[in-house]
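Coordinates in review
So you can see what is in the structure, the chains are spelled out below.
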Amino acid sequence: MKILSDTLIYNTTADTDIIDITPEVAERVRGSGIEQGFVNLFVPGSTGALTTIEFESGAISDLKDAIERMAPKDIPYAHNLRWGDGNGYSHVRAALLGPSLQVPIIAGNLALGTWQQIVLCDFDNRPRQRRVLLQLVGEV
Ligand code: ZN
């Protein structure tokens with residue numbers, strides 16, 4: 001059993017930036033030498049999230065529209081009254097998608113679907129530098 005920890009860093013833009021992080025994760029999986037196991041991904045911070053989607057402009061636009069319908073930017077949020085930082089919608093969006101993701105490693109590769117990419121979502125109302133923590137676990 002091998003367990004490796006790694007960190008990926010991304011500079012994001014404000015308001016629902018969605019970044020395909022699959023190439024970097026795949027590179028870390030290959031570099032780990034793990035043949036069978038999984039990679040756990042986690043984004044620290046309460047306005048970031050991780051999910052998978054087909055990373056093409058139509059699907060990304062649809063996802064952004066769905067998120068806007070679920071937690072609209074321009075409605076009152078109790079968080080904004082309490083803290084005044086104006087990102088109540090960012091926290092709710094991040095909570096609904098969730099901060100972590102687990103992907104199986106099979107035969108040394110991520111077991112993703114052909115049209116399925118891993119995406120980092122940043123919902124904050126200002127640009128951020130985001131860390132994505134990886135824990136690669138499995139048999140070499
Ligand atoms: Zn806040």
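Just above sits the structure.
Here's the deal with the environment of H91
You can see H91 is positioned in helix α4 (residues 88-97). Through-space distance from the C-alpha of H91 to that of T47 is 4.9 Å; in sequence the pair is 44 residues apart. Setting aside chain neighbours within four positions, we find H91 in contact with S46, T47, H79 and D85. Looking at H91, its side chain comes within polar contact range of the side chain of S46, at 3.2 Å.

As for the coordination of the zinc ion
The protein atoms donating to the zinc ion are H79 (NE2), D85 (OD), N87 (OD1) and H91 (NE2), with metal-donor distances spanning 2.1 to 2.2 Å. In this structure, the zinc ion is surrounded by four donor atoms whose angles at the metal cover 88 to 167 degrees, and the resulting shape is irregular. Each donor residue of the zinc ion belongs to the same chain, with the gaps between them written as H-x5-D-x1-N-x3-H. Given a relative accessible area of 36%, D85 falls into the partly exposed group.

Concerning a negative patch on the surface
A contiguous patch of negative charge, built from E54, E56, D62 and D65, is present on the exposed surface. Inspection of the secondary structure assignment puts D65 in helix α2 (residues 57-70). Classification of D65 as partly exposed rests on a relative accessible area of 40%.

Some remarks on the sheet that holds strand β7 (residues 117-122)
Taken together, three strands build an open sheet; the order of strands is β2-β7-β4 and the sheet is antiparallel. Edge positions in the open sheet fall to β2 (17-20) and β4 (48-53), since each of these has one partner strand only. Ignoring which end each strand starts from, the neighbouring axes of this sheet average 30 degrees apart. Relative to β7, β4 is paired through six bridges, and the arrangement is antiparallel. When the bridges of β7 are listed, L50 appears paired with L120.

Focus: the pairing of strand β8 (residues 128-139)
Where strand β1 (residues 2-12) and β8 come together, eleven bridges link them in antiparallel fashion. Paired with L4 across the bridge in β8 is L136. Examined bridge by bridge, strand β3 (residues 36-42) and β8 share seven bridges and lie antiparallel to one another. Pairing of Q36 across the sheet is with E139, part of β8.

A closer look at the side chain of D124
Mapped onto the secondary structure, D124 falls in the loop between β7 and β8. There is a polar contact of 2.9 Å between the side chain of D124 and the side chain of N87.

Structural notes on the environment of V140
Among the structural elements, V140 can be located in the segment after β8. With relative accessibility at 63%, the residue V140 sits in the exposed group. C-alpha separation for the pair V140 and K2, spaced 138 residues apart in sequence, amounts to 7.0 Å. The residues touching V140, leaving out its near neighbours within four places in the chain, are K2, S32, G33, I34 and E35.

The rules behind each value
- Residues numbered from 1 in each chain as written.
- Predicted model: local features only at pLDDT ≥ 70, side-chain atom pairs only at ≥ 80, totals over all residues.
- Heavy atoms only, no water.
- Helix = DSSP H or I, 4+ residues; strand = E, 2+ residues; numbered from the N terminus.
- Contact = heavy atoms within 4.5 Å.
- Polar contact = N/O pair within 3.5 Å; in protein donor to acceptor, adjacent residues only side chain to side chain.
- Donors = N, O, S within 2.8 Å, 3.2 Å for Na, K, Ca; no water.
- Tetrahedral: all angles 85-135°; square planar, octahedral: opposite > 155°, others 65-115°.
- Buried < 20%, exposed > 50% of the residue type's maximum accessible area, 1.4 Å probe, protein only.
- Patch = residues over 30% accessible without salt bridge, like charges linked within 9 Å, V, L, I, M, F, W, Y side chains within 5 Å.
- Areas by Shrake-Rupley, 256 points an atom, 1.4 Å probe, with all protein chains shown as cover.
- Salt bridge = Lys/Arg side-chain N within 4 Å of Asp/Glu carboxyl O.
- Lys, Arg positive; Asp, Glu negative; His and termini not counted.
- Charge placed at Lys NZ, Arg CZ, Asp CG, Glu CD.
- Pairing = 2+ DSSP bridges.
- Axes fitted to C-alpha atoms, helices over the stretch in contact; angles between N-to-C directions.

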